[in-house]
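Read off the chains here:
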Amino acid sequence: MSNELYDLSILSEMVYDDKDFMKELVGTFIEFAPIDAAELKEFADSQNWDETAKKAHKLKSSIRTIGVTSLTDLILEIEEDAKNERNLESILLKIATFLDILVRVLESLKKEPFLQ
């Protein structure tokens, strides 16, 4: 399924339309993305830019794998800003936006028919 938040055809192609494997990968994303996102915010709040960049990198990989197109560019910006310690005045705002969109993504993913 595709919508403005994500495009599961990306994942489907990657796993040759194996619905069981898709279910496993999306389930893992639903379980762990909120934990990783909370840690991302904690690292940024404490101005630990190295760990912020590492956590953003981890999230970026998951986001790309699942096909969460609505977050791809934003998490890349967060990773690059933290890694290069630039635009630090706006990084917390970017993370807040990221978290808001992630909540919508997770709510929508949980309703996908193949997960039922």
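Cut-offs used in this document
Residues numbered from 1 in each chain as written. Predicted model: local features only at pLDDT ≥ 70, side-chain atom pairs only at ≥ 80, totals over all residues. Heavy atoms only, no water. Salt bridge = Lys/Arg side-chain N within 4 Å of Asp/Glu carboxyl O. Helix = DSSP H or I, 4+ residues; strand = E, 2+ residues; numbered from the N terminus. Buried < 20%, exposed > 50% of the residue type's maximum accessible area, 1.4 Å probe, protein only. Contact = heavy atoms within 4.5 Å.

Draft legend 1. View of the pattern of salt bridges. Tallied over the full model, the rule gives 12 salt bridges. A salt bridge links Lys 60 to Glu 79; the nearest nitrogen and oxygen atoms lie 2.7 Å apart. Of the two residues, Lys 60 sits in helix α3 (residues 49-66) while Glu 79 sits in helix α4 (residues 69-84), which places them 19 residues apart along the sequence. The residues Lys 60 and Glu 79 share a single accessibility class, namely buried. The residue Lys 83 makes a salt bridge to Glu 80 at a minimum N-O spacing of 3.4 Å. Placement of both Lys 83 and Glu 80 in helix α4 is noted, with a separation of three residues, approximately one turn of the helix. The exposure class assigned to Glu 80 is partly exposed, which follows from its relative accessible area of 24%. In this structure, a network of salt bridges that share partners links the residues Asp 36, Glu 39, Lys 55 and Lys 58.

Draft legend 2. The side chain of Ser 12, seen in detail. Mapped onto the secondary structure, Ser 12 falls in helix α1 (residues 8-14). Exposure remark for Ser 12: the relative accessible area of 14% places this residue in the buried category. Excluding anything up to four places from it in sequence, Ser 12 contacts Asp 17 and Met 22.

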